[in-house]
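Coordinate inspection notes
The residues making up each chain are set out below.
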Amino acid sequence: AIRAFFDLYAEGQGKPRWGDKTPIYINRMMLIERALPEARFIHLIRDGRDAALSRAKRVLKEPTPMYKVAERWRNRIIRAREQGPRLRHYLELRYEDLVLDTEATLRRVCEYVELPFDEEMLHYHERAAERLKEMHRDLPPEPGKPLRPADHRAAAHALTSEPPDPSRLGRWRTEMSPDDRAAFEDAAGDLLSELGYELEREPVRR
């Protein structure tokens, strides 16, 4: 049933393959693999502080305290990395590499998913608005989550219509308050350090 749904969607877009970018799946990769043994997982890791800034603009209710945001980021990445060695297909990439060395990173992805690299992949942003038209509808509320208006959803994906922008890397240095930076590092500095991200002070060892 799952394959049929996605195959029909891909066919409607004139594509031979399909993918699903749903971040919360990071908690259920082994379960997904049991249902779809051919699944290939790509775990794209981003500096948690920049990820927190990006997420903050999409929040429709009271913002979550930064310490909890950091703990959630840390726990999800650790959970994914624990599952990775037990999966048939798992690839870990850095968001920063995708932005700074786009073609090389995409070629690596293509080899992993067994698709030929195409130069058009570097110009995805030119057709992004057309592809995202299907998102121009309200997303109904769920337990614990409010309704997401169509305009809010479109704004969250606005940057897909632009090429990768290196100036958006390391925004936490100038756009995150000192208190939030400290709170994030208190909760997740050990993992930031392990992943090679810059810290403002010594990480708390867990």
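Before reading further, recall that the structure is shown in the block above.
Below you will find a few notes about this structure. Note that this is a predicted model, so its numbers are computed, not measured.

1. Digging into the pairing of strand β2 (residues 90-94)
- Only one face of β2 is covered, namely the one carrying Leu91 and Leu93; the face carrying Tyr90, Glu92 and Arg94 has none of its residues buried.
- Pairing geometry for strand β1 (residues 41-45) and β2, over 5 bridges, is parallel. Directly across from Phe41, in β2, lies its bridge partner Tyr90.

2. Regarding the pattern of salt bridges
- Tallied over the full model, the rule gives 15 salt bridges.
- Here Arg81 ties to Glu194 by a salt bridge, and the two come within 3.3 Å at their closest N and O atoms. Taken together, the residues Arg81 in helix α4 (residues 66-83) and Glu194 in helix α10 (residues 178-194) connect sequence positions 113 residues apart.
- The class of Arg81 is partly exposed, set by a relative accessible area of 28%.
- Residue classification places Glu194 among the exposed residues on the basis of a relative accessible area of 59%.
- One salt-bridge network, in which partners are shared between bridges, spans Asp47, Arg49 and Glu185.

3. Comments concerning the packing of helix α3 (residues 48-56) against α10
- For the pair α3 and α10, interaxial distance at closest approach is 10 Å and the crossing angle is 130°. In this view, α3 runs oblique relative to α10, as classed from their interaxial angle. On α10, the residues touching Gly48, Arg49 and Ala52 of α3 are Phe184, Glu185 and Leu192.
- For the contact of α3 with α10, a count of residues per class yields 3 nonpolar, 1 polar and 2 charged.

4. Quick look at α3
- If you check which residues of α3 are buried, you get Gly48, Arg49, Asp50, Ala52 and Leu53.
- Looking at the buried side of α3, the elements it contacts are α4, α9 (172-175) and α10.

5. Considering the nonpolar core
- With 19 residues, the main nonpolar core has Met66, Trp73, Phe184 and Leu195 as its most contacted residues.
- For this core, the elements supplying multiple residues, two or more each, are α3, α4 and α10.
- When residues in this core are grouped by element, the largest group, 6 residues, is from α10.
- Met66 has contacts with Ala52, Met176, Asp180, Ala183 and Phe184, leaving out every residue within four places of it along the chain.
- Within the second largest apolar cluster, 8 residues are counted, among which are Ile26, Met29, Phe41 and Leu87.

Here is what the cut-offs are and how they apply
Residues numbered from 1 in each chain as written. Predicted model: local features only at pLDDT ≥ 70, side-chain atom pairs only at ≥ 80, totals over all residues. Heavy atoms only, no water. Buried < 20%, exposed > 50% of the residue type's maximum accessible area, 1.4 Å probe, protein only. Helix = DSSP H or I, 4+ residues; strand = E, 2+ residues; numbered from the N terminus. Pairing = 2+ DSSP bridges. Salt bridge = Lys/Arg side-chain N within 4 Å of Asp/Glu carboxyl O. Axes fitted to C-alpha atoms, helices over the stretch in contact; angles between N-to-C directions. Parallel < 35°, antiparallel > 145°, perpendicular 65-115°, else oblique. Contact = heavy atoms within 4.5 Å. Nonpolar A, V, L, I, M, F, W, Y, C, P; charged D, E, K, R; others polar. Core = buried A, V, L, I, M, F, W, Y, C linked by side-chain atoms within 4.5 Å.

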